[in-house]
Amino acid sequence: MLHIILYIVQVLIIAACFIYSLRLWFKDVDPAYMKFFLLYPLLGCITSVLCAFAIFSECWNYDVIYAINNVSKLFHFFILSTIIYRIQKPRIFSVAQIIVIVAGWVYFFFILFSEGIFTENFNSQFAANFPLVILALFYFRSLLSNVSIGNLRKDPGFWIVVGVVLGQGVSLPLFATIKQLFKIINHEHAQLFLDFGVISFSVMYLSFIKAIQCTRIISVG
Amino acid sequence: MHQDNISWLIVAIIVVTVIVALCFLLIIFSTIKLFHHKVEHENEVSGMKILNHTRMLQSELQVQEQTFEQIAREIHDNWGQRLTLAKFQLQTIISEAVKPSLILVENLLDELRGFSRSLSATRIKRIGLINAIEEDIDFLKSVTEIRFSFEVDKSLIKLNEQIGIILYRIFQEAESNILKHSKANEVEISLKEEAPDIYFEISDNGIGFNTDEITGQGIGLNNILRRVKLLGGDYQLISAPGQGTKIRIRTKKIIYD
């Protein structure tokens, strides 16, 4: 029951984030990278709708849901890694960051295809999140070399990275061990750990809502 | 796996997750704190730089004003006296032949007095910015074909002396540019108060110029810019070929040292 409530709350937060992001879709925004970031709530919304459709219509089996989730992780990693890389001014240790991104991709694809797309692939979640958290740490380091951002609390980039750290970083140990947990404890108890993942994911989206709120619309004329 | 071991594993995962969460929160908050500390430091440094720059400008302009004052005194006390003496001597000669020389000396004396007056900051301090500009306009009306209009808010009659001198010098630079380059036949000057700011605007209907094409801003415009910086205000130069020129200055009514 708790799991369902948390899942519904998460879907509602994703939907709220997407709806709130609509105000920026056909406008020029500042900072410009937020235009690209808007794909993320869209991705979250599409994934949620497809999964909800699959679960409630019962016309697709769980393999399809897993596949949708795995493919969405691919886009999730692509969008967030590009954004975190782009928002850094100056880009410190640029080569190291590119290595992290490339290594992340290689590891992600290796995990995804070795374990299969049509499976509940927790390791691929870990593979996608781990490089993002490393990039987020680079961002925090770069902040200290750049004071051109006047007010950090009004910077969308800051809220995106905070969202990634709180949403993805905190659940890293869970995704690293959840597969083993499912093997040794019963499914219901293991589900509680996954619920924590759902909460952290919701926190990430709340932070993204804040990022969208901090984005300015450039009025022309 | 044994039940005890499983419990320990679960506890270990929870503990690790909590530690990781705390670590990330610590990173976020300490970065925010360090960032704000750095911003404050940078602001302090740039504030000091601005203050130093302002002080340098202030002393530079003070020296300039002192030099102007000295030249004005020299013209008035020395050259002026000598020319007056020459005028008296010429007056004593009763001859038609010296009459043109007498007129020439009289004109030169008038011009020197005018020049001395325009250099002297004491005059601006004594009569105030508005009267000084009005006197200059009256003089320019008498010697040129240009039509002048001067709009002023009465609340600015008792304007800070320092601001008055700086705005007057800006006016002189603009006036000199208009006479030398603009080919204008109409000049509008306005001095308005929109608390806490004052707006000083000088516009002409002359030939104008392309503002992108002025290299190094020109000495006159640079002088204006330096003086505006000293006031801590901002300056806008609007011009285009064939469309006249407008100089718009916004500054605070009070100067803070």
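Residues numbered from 1 in each chain as written. Chains lettered and ligands numbered in written order. Predicted model: local features only at pLDDT ≥ 70, side-chain atom pairs only at ≥ 80, totals over all residues. Heavy atoms only, no water.

**Q** Explain the overall build of chain B residue by residue, including any values.
**A** Across its full length, chain B carries six helices and five strands. Start at the N end of chain B and walk to the C end: the helices and strands fall as α-α-α-α-β-α-β-β-α-β-β. The 257 residues of chain B split such that 37% are buried. If you take every contact in chain B between residues at least 6 apart in sequence, the share linking residues at least 24 apart comes to 69%. In the structure as shown, chain B presents an accessible area of about 16,200 Å², 57% of it carried by carbon and sulfur atoms. (Helix = DSSP H or I, 4+ residues; strand = E, 2+ residues; numbered from the N terminus. Buried < 20%, exposed > 50% of the residue type's maximum accessible area, 1.4 Å probe, protein only. Contact = heavy atoms within 4.5 Å. Areas by Shrake-Rupley, 256 points an atom, 1.4 Å probe, with all protein chains shown as cover.)

**Q** Now, about the pairing of strand E4 (residues 234-239) of chain B: what can you tell me, with residues and values included?
**A** Residues and elements named next belong to chain B. Residues Tyr235, Leu237 and Ser239 point to one face of E4 and are all buried, whereas Asp234, Gln236 and Ile238, pointing to the other face, are not buried. The sheet contact formed by E4 and strand E5 (residues 245-252) spans six bridges and is antiparallel. Bridge assignment links isoleucine 238 to a residue of E5, and that residue is lysine 246. Here E4 hands over to E5 after five residues, with glycine 242 in that stretch at a positive phi of 80°. (Pairing = 2+ DSSP bridges.)

**Q** Before we move on, can you summarise the nonpolar core with the specific residues and values?
**A** Within the largest apolar cluster, 70 residues are counted, with the highest numbers of intra-cluster contacts made by Phe37, Tyr40, Phe140, Phe158 and Phe208 of chain A. Considering every element that reaches this core, the biggest residue donor is helix H6 (residues 122-143) of chain A, with twelve residues. Those residues in contact with phenylalanine 140 of chain A that sit more than four places away from it in its chain are Phe158, Val161, Val162 and Val165 of chain A together with Ile27, Ile28 and Thr31 of chain B. (Core = buried A, V, L, I, M, F, W, Y, C linked by side-chain atoms within 4.5 Å.)

**Q** Any chance you could break down the interface of chain A and chain B for me, citing the residues and the numbers?
**A** Taken together, the contact pairs 26 residues of chain A with 22 residues of chain B. If you look at where chain A meets chain B, you find one residue pair in polar contact (both at pLDDT 80 or more). Split by residue class, the side of chain A that touches chain B holds 20 nonpolar, five polar and one charged. (Polar contact = N/O pair within 3.5 Å; in protein donor to acceptor, adjacent residues only side chain to side chain. Nonpolar A, V, L, I, M, F, W, Y, C, P; charged D, E, K, R; others polar.)

**Q** Explain helix H1 (residues 2-21) of chain A residue by residue, including any values.
**A** Working note: α-helix, 3.6 residues per turn, so residues spaced by three or four point in the same direction. Residue and element names in this part refer to chain A. The first and last C-alpha atoms of H1 sit 28 Å apart over 20 residues, in line with the 28 Å expected at 1.5 Å per residue. Those residues of H1 lying buried are Leu6, Gln10, Ile13, Ile14, Cys17, Phe18 and Ser21. Down the axis of H1, the smallest arc covering the buried residues is 135°, so these residues share one side. Relative to its buried face, H1 has exposed residues pointing more than 90 degrees away, namely Leu12 and Ile19. Residues of H1 that are buried in the fold lie against helix H3 (39-57) and helix H9 (187-214). (Expected span 1.5 Å × (residues − 1). Arc of directions from axis to C-beta.)

**Q** Talk me through the confidence of the model for chain B; I want residue IDs and the actual numbers.
**A** Detailed reading of the predicted coordinates is not advisable wherever pLDDT falls low. Residues and elements named next belong to chain B. The predicted model of chain B has a mean per-residue pLDDT of 84, with 96% of residues at 70 or higher. Mean pLDDT per element in chain B: helix H6 (residues 219-231) is the minimum at 81, and strand E1 (residues 147-152) is the maximum at 92. With a pTM of 0.64, the predicted complex shows an ipTM of 0.81. (pLDDT = per-residue confidence, 0-100.)

**Q** Could you give an account of empty space enclosed by the protein, with specific residues and numbers?
**A** Residue and element names in this part refer to chain B. One pass over the full model with this rule turns up one cavity of 30 Å³ or more. Looking at the lining of the largest cavity, the elements with two or more residues in it are helix H5 (161-182) and strand E2 (186-194). Among the elements that line the lining of the largest cavity, the one with the most residues is H5, at four residues. Split into classes, the residues belonging to the lining of the largest cavity amount to eight nonpolar, no polar and one charged. (1 Å grid on protein atoms, 1.4 Å probe; cavity = no way out; pocket = protein on both sides within 12 Å on 5 of 7 lines; lining within 4 Å. Points joined across faces, edges and corners; volume = space filled by probe spheres on them.)

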